[in-house]
Amino acid sequence: MIFLTGAAGKTGRSILRALSASGMRAKVLVRSSKQADSIRSIGDFEIVLGDLRDPSTYESNLINVDQIYYICPNIAPDELEIGKTLIKIARQFNIQRFIYHSVLHPQVEAMPHHWQKMRMEETLFTCGINFTILQPCAYMQNVLAGWKKITEEGKYIVPYSVSSRLSIVDLNDVGEAAARIISSRDFANAILELAGPEALSQSEVAAELSTVLGRSVEAIELSHAEWKHNAQQSGMDARQIEVLINMFEYYDQYGLVGNPWVLEHILNRKPTTFKQFLARILNFGEE
Ligand SMILES: NC(=O)c1ccc[n+]([C@@H]2O[C@H](COP(=O)([O-])OP(=O)(O)OC[C@H]3O[C@@H](n4cnc5c(N)ncnc54)[C@H](OP(=O)(O)O)[C@@H]3O)[C@@H](O)[C@H]2O)c1
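A quick note: this is a predicted structure, and the numbers were derived from the prediction, not measured.

Rules used in this analysis
Residues numbered from 1 in each chain as written. Predicted model: local features only at pLDDT ≥ 70, side-chain atom pairs only at ≥ 80, totals over all residues. Heavy atoms only, no water. Helix = DSSP H or I, 4+ residues; strand = E, 2+ residues; numbered from the N terminus. Rg over C-alpha atoms; globule rule 2.2 N^0.38 Å. Buried < 20%, exposed > 50% of the residue type's maximum accessible area, 1.4 Å probe, protein only. Contact = heavy atoms within 4.5 Å. Areas by Shrake-Rupley, 256 points an atom, 1.4 Å probe, with all protein chains shown as cover. Lys, Arg positive; Asp, Glu negative; His and termini not counted. Charge placed at Lys NZ, Arg CZ, Asp CG, Glu CD. Core = buried A, V, L, I, M, F, W, Y, C linked by side-chain atoms within 4.5 Å. Expected span 1.5 Å × (residues − 1). Right-handed = clockwise from strand over helix to strand, strands pointing away. Pairing = 2+ DSSP bridges. Phe/Tyr/Trp six-rings, centres within 6.5 Å; stacked < 30°, edge-to-face > 60°. Salt bridge = Lys/Arg side-chain N within 4 Å of Asp/Glu carboxyl O.

A. Representation of the overall build of the chain within the structure. Helix and strand counts for the chain come out as 12 helices and 11 strands. The C-alpha radius of gyration of the chain comes to 19 Å, within 12% of the 19 Å expected for a compact globule of 287 residues. Here the C-alpha coordinates of the chain stretch approximately 55 × 40 × 35 Å along the principal axes. The 287 residues of the chain split such that 51% are buried. Long-range contacts, defined here as pairs at least 24 residues apart, represent 76% of the contacts in the chain between residues at least 6 apart. Counting every atom, the chain has about 13,500 Å² of accessible surface; 48% of that belongs to carbon and sulfur. The chain carries 28 positive and 33 negative side-chain charges, and their two centres are separated by 4 Å.

Right under this line is the structure:
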């Protein structure tokens, strides 16, 4: 039995859909009954209510669990501390494998949230438990955050250069890969880069949107200052703003480019292209 944290989030739900499709069971952590209700329709999972930061959440729920899948909320300042506590408890419960949802290129110190994931990966090397680390690139689904402006105004707005290239990956592919990894013994002590099949610039993303939507869509760069102002107005905390600006500065210079081969090997098929992703969204809506 696998114990999965962050189950009601974007990533967690995608993994649950894939687990459900392959008839697999899981014990899943959410933090409210509202979140529990929101995932019941996905499949027949054992839902546990608790706080990721409270060790008692795990202690009472790891009996008969043999694997942990650690998904930390995006840009959490204490991802490493939570992970270390979870590893300590995993050892007490004789957990056989610790699966960690990391990110592509955690080695980049200039992006503090990547760097923290790198330190978490390093902790796994010495913890004495088999591990598997998934390193996904940015999700294609992130584009949907600006869907209204894209479809109504023809504006695809990004807070970094429109020439920055990212190997965006379909979160459904990541979920399917995660389900395969959970059910297989082939991935012990593996570090797996999960990148999409094309390293698209933001102008190319806009061009694909134009083609698929049948209307002109332009990629527009929002200045960091303007993005920061909007984020402050929306109530985002100062640390998160700083971390994300670090990320935009990095994307401006280097983008985030990976290789799709590992994902193709795990899925045993070609990873989804952005065009295929858009066609699915238009035909079936957002998952
Ligand atoms: N987004 C990307 O493009 C991308 C790419 C690669 C890797 N990743 C990584 O994927 C991971 C997950 O990202 P995501 O976008 O799926 O995150 P998410 O949607 O924010 O999901 C996190 C979930 O954890 C819950 N949560 C937060 N604090 C909690 C607590 N104290 N106790 C229990 N549950 C708590 C959240 O609940 P609330 O909604 O109530 O806060 C939410 O349901 C992150 O580590 C991120 O770095 C993301």
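B. Examining the nonpolar core more closely. Of all hydrophobic cores here, the largest spans 73 residues; its most connected members are Leu16, Leu19, Tyr69, Tyr156, Leu209, Tyr251 and Phe274. Ranked by residue count, the leading element in this core is helix 10 (residues 238–254), at eight residues. In contact with tyrosine 69, other than residues within four places in its own chain, are Ile2, Phe3, Leu4, Thr5, Ile15, Ile99, His101, Leu134, Ala178 and Ile182. Of all hydrophobic cores here, the second largest spans 26 residues; its members include Val65, Ile95, Tyr100 and Met120.

C. Local environment of helix 8 (residues 202–213). Its 12 residues give helix 8 an end-to-end C-alpha distance of 16 Å, which sits within 8% of 16 Å, the value for a rise of 1.5 Å per residue. Burial in helix 8 covers these residues: Gln202, Val205, Ala206, Glu208, Leu209 and Ser210. The inward-facing, buried residues of helix 8 contact helix 6 (147–153), strand 7 (155–158), strand 8 (165–166), strand 10 (200–201), strand 11 (218–221) and helix 12 (274–284). Following helix 8 by one or two positions, glycine 214 has its phi on the positive side, about 70 degrees.

D. Quick peek at the pairing of strand 6 (residues 130–136). Within strand 6, six of the seven residues are buried, which leaves the element mostly enclosed by the surrounding structure. Taken together, strand 5 (residues 97–101), helix 5 (residues 112–125) and strand 6 constitute a β-α-β crossover, and its handedness is right-handed. In this structure, strand 6 lies alongside strand 9 (residues 190–194), joined through five bridges in parallel fashion. By the bridge assignment, leucine 134 is partnered in strand 9 with leucine 192.

E. View of the packing of aromatic side chains. Evaluated as defined, the whole model comprises nine aromatic pairs. Between phenylalanine 125 and phenylalanine 131, the ring centres sit 5.5 Å apart and the planes meet at 45 degrees, which makes this aromatic pair tilted. When its relative accessible area of 8% is taken as the criterion, phenylalanine 131 is described as buried. Look at tryptophan 227 and phenylalanine 248: their rings are 4.8 Å apart centre to centre, the planes differ by 85 degrees, and that puts the pair in the edge-to-face class. You can see tryptophan 227 sitting in helix 9 (residues 224–233) and its partner phenylalanine 248 sitting in helix 10, a full 21 residues away along the chain. Comparing tryptophan 227 with phenylalanine 248 shows no difference in burial state: the two are buried. Three or more aromatic residues link up through ring pairs in this structure, and these residues are Tyr160, Trp227, Phe248 and Tyr251.

F. Fine view of the pattern of salt bridges. In the structure shown here, the tally under the stated rule is 14 salt bridges. With its nearest N and O atoms 3.2 Å apart, the salt bridge here joins lysine 148 to glutamate 152. In this pair, lysine 148 and glutamate 152 are both assigned in helix 6, four residues apart and thus about one turn of the helix distant. Residue classification places glutamate 152 among the exposed positions, given a relative accessible area of 53%. Among the salt bridges present, the one from aspartate 170 reaches arginine 280, with a minimum N-O distance of 2.6 Å. Here the residue aspartate 170 occupies a position in the loop between strand 8 and helix 7 (171–183), and arginine 280 occupies one in helix 12, the gap between them amounting to 110 residues. The residues aspartate 170 and arginine 280 share a single accessibility class, namely buried. Connected through shared salt-bridge partners, Asp173, Glu176, Arg180 and Arg269 make up one network.

G. View of the environment of proline 271. Checked against the element boundaries, proline 271 lands in the loop between helix 11 (261–267) and helix 12. For proline 271 and arginine 239, which are 32 residues apart along the polypeptide, the C-alpha to C-alpha distance reads 34 Å. Once residues within four sequence positions are removed from consideration, proline 271 is found in contact with Asp173, Pro197, Pro260, Leu263, Glu264 and Gln276.

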